[in-house]
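Residue-level listing of the chains:
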Amino acid sequence: MIRAAIATLLSASLVAGALGFAGPAAAEAPAFGLPIACRIGETCFIQNYVDEDAGPGWRDHACGRLSYDGHDGTDFRLPDYTAMDKGVAVLAAAAGTVLRVRDGMEDVNVNVIGRDTVMKVGGGNAVIIEHGDGWQTAYLHMKRGSVAVTPGQRVEAGQRLGEVGLSGLTEFPHLHFGVRHNGAVVDPFVGQQPFTACGQPMTPLWNAATAKALAYRPTAGLNAGFATSRVPEAEPARHGEFAAEALTPDSPLLVLWSDIMGVRDGDTQRIRILDGDGRTLFDNSKGISGDKAVWFAYQGLKRPAAGWPKGPYKGIVTLTRAGKTVVTLERRLDVR
């Protein structure tokens, strides 16, 4: 049996940095639409919200843990690099005028190039939109070469601004969406009133359809798959290196990996692998210690002396919390 768990992933998105925010006198806020062309909870996920804790700790607007100290926007993450490579559009959340743009920065994990390299331009490739009456929105970490608008250009709600990328101070492909009013950070899930206590009434800035789509999800399954040629690691898996894996008579392993966001201390992960007749080949549960922004794990089997049983195989990953299943991921593996 092979077991491992890797649990690291906290983004470090900065606001527009040198791009800057500014604004005139106050007025009613725009009603914002979804700033990314994806299906929330299926093809994209909210990894981090605005940090509502004024102290050294952090909490999101739902008093959950999907944030980090000082985070000033909403991070719409893609499940992996493969989705980024295919292209996911960034959209104007409301009508306005393009104030500033930046493009040309490379799409690369900050752990590869080093934080000091991009610290002064942490927002990466970006677009800033002025909506009038002191309201501005920022769209950060966009893909190099994708920015499709220019300063002074008028844009309508839902208009394509570019694509989600990995530029600037970030560790995973995502769009950092920031809202400011007269230069002050505003959490679009809370509204203009200050956040003072858990459960307080809120007046979100999202339009009705978007607010419904953005129902709070503290935990989500990002991706899963089989590895048969070598032990899977997080970054290669997120780059799609195991997407074409199949089982052959010579395959040394039969391993099921998963990537889950928002894992909490005390959760239990169960991994099962079934053969072509539905019989259980592998079934193991593992308790998780500590909260994890993202939890990459794998478990499975070495090739038995008698060879691999009949396929195709089915893999099932579940995450349970306080006796309730909060994530289920299923994958199929063909036999060659």
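Residues numbered from 1 in each chain as written. Predicted model: local features only at pLDDT ≥ 70, side-chain atom pairs only at ≥ 80, totals over all residues. Heavy atoms only, no water.

1. Brief notes about the confidence of the model for the chain
- Residues at a pLDDT of 70 or more form 92% of the chain, whose mean pLDDT is 90.
- The low-confidence segment residues 1-17, where pLDDT is below 50, has 66 contacts with residues more than four positions distant or belonging to other chains. (pLDDT = per-residue confidence, 0-100. Contact = heavy atoms within 4.5 Å.)

2. A word on the pattern of salt bridges
- Tallied over the entire structure, the rule returns 17 salt bridges.
- Arg 238 is paired through a salt bridge with Asp 259; the nearest N and O atoms lie 2.7 Å apart. Taken together, the positions of Arg 238 in helix 5 (residues 234-238) and Asp 259 in strand 13 (residues 253-263) put the pair 21 residues apart, joining distant regions of the chain. With respect to class, Arg 238 is no different from Asp 259; both count as buried.
- Residues Arg 264 and Asp 291 are paired through a salt bridge, measuring 3.2 Å at the closest nitrogen-oxygen approach. A residue pair is termed long-range when its members are at least 10 positions apart, and Arg 264 in the loop between strand 13 and strand 14 (268-274) and Asp 291 in the loop between strand 15 (280-287) and strand 16 (292-302) qualify at 27 residues.
- Given a relative accessible area of 34%, Arg 264 falls into the partly exposed group.
- If you follow the salt bridges from partner to partner, you end up with Asp 275, Asp 277, Arg 279 and Lys 310 in one network. (Salt bridge = Lys/Arg side-chain N within 4 Å of Asp/Glu carboxyl O. Helix = DSSP H or I, 4+ residues; strand = E, 2+ residues; numbered from the N terminus. Buried < 20%, exposed > 50% of the residue type's maximum accessible area, 1.4 Å probe, protein only.)

3. With respect to the nonpolar core
- Ranked by size, the top nonpolar core spans 44 residues in total, and within it Ile 36, Phe 76, Val 127, Tyr 139 and Leu 161 carry the most contacts.
- Contributions of two or more residues to this core are made by strand 2 (45-48), helix 1 (81-86), strand 6 (125-132), strand 7 (135-142), strand 10 (174-181) and strand 12 (220-227).
- Beyond its immediate sequence surroundings of up to four residues, Leu 161 is in contact with Val 90, Leu 91, Ala 92, Val 127, Ile 129, Tyr 139, Met 142, Ser 146, Val 147, Ala 148, Val 149 and Val 155.
- Residues Phe 226, Leu 247, Phe 282 and Val 327 belong to the second largest nonpolar core, which totals 21 residues. (Core = buried A, V, L, I, M, F, W, Y, C linked by side-chain atoms within 4.5 Å.)

4. Topic: the environment of Met 119
- Relative to the elements of secondary structure, Met 119 occurs in the loop between helix 3 (115-118) and strand 6.
- Relative accessible area serves as the criterion here: at 36%, Met 119 is assigned to the partly exposed category.
- Sequence separation of Met 119 and Glu 171 is 52 residues, and the distance between their C-alpha atoms is 13 Å.

5. Description of the state of the cysteines
- The full count for this structure, using the stated rule, is two disulfides.
- Each sulfur in the disulfide pair Cys 38 and Cys 44 lies 1.9 Å from the other. A torsion of 60° about the S-S bond marks the disulfide between Cys 38 and Cys 44 as right-handed. One exposure class covers both Cys 38 and Cys 44, and it is buried.
- One disulfide bridge connects Cys 63 with Cys 198, the sulfur atoms lying 1.7 Å from each other. Linking Cys 63 and Cys 198, the disulfide has an S-S dihedral of approximately -105° and is accordingly described as left-handed. Placement of Cys 63 in the loop between strand 2 and strand 3 (74-77) and of Cys 198 in the loop between strand 11 (184-185) and helix 4 (208-213) is noted, with a sequence separation of 135 residues between them. (Disulfide = S-S within 2.5 Å.)

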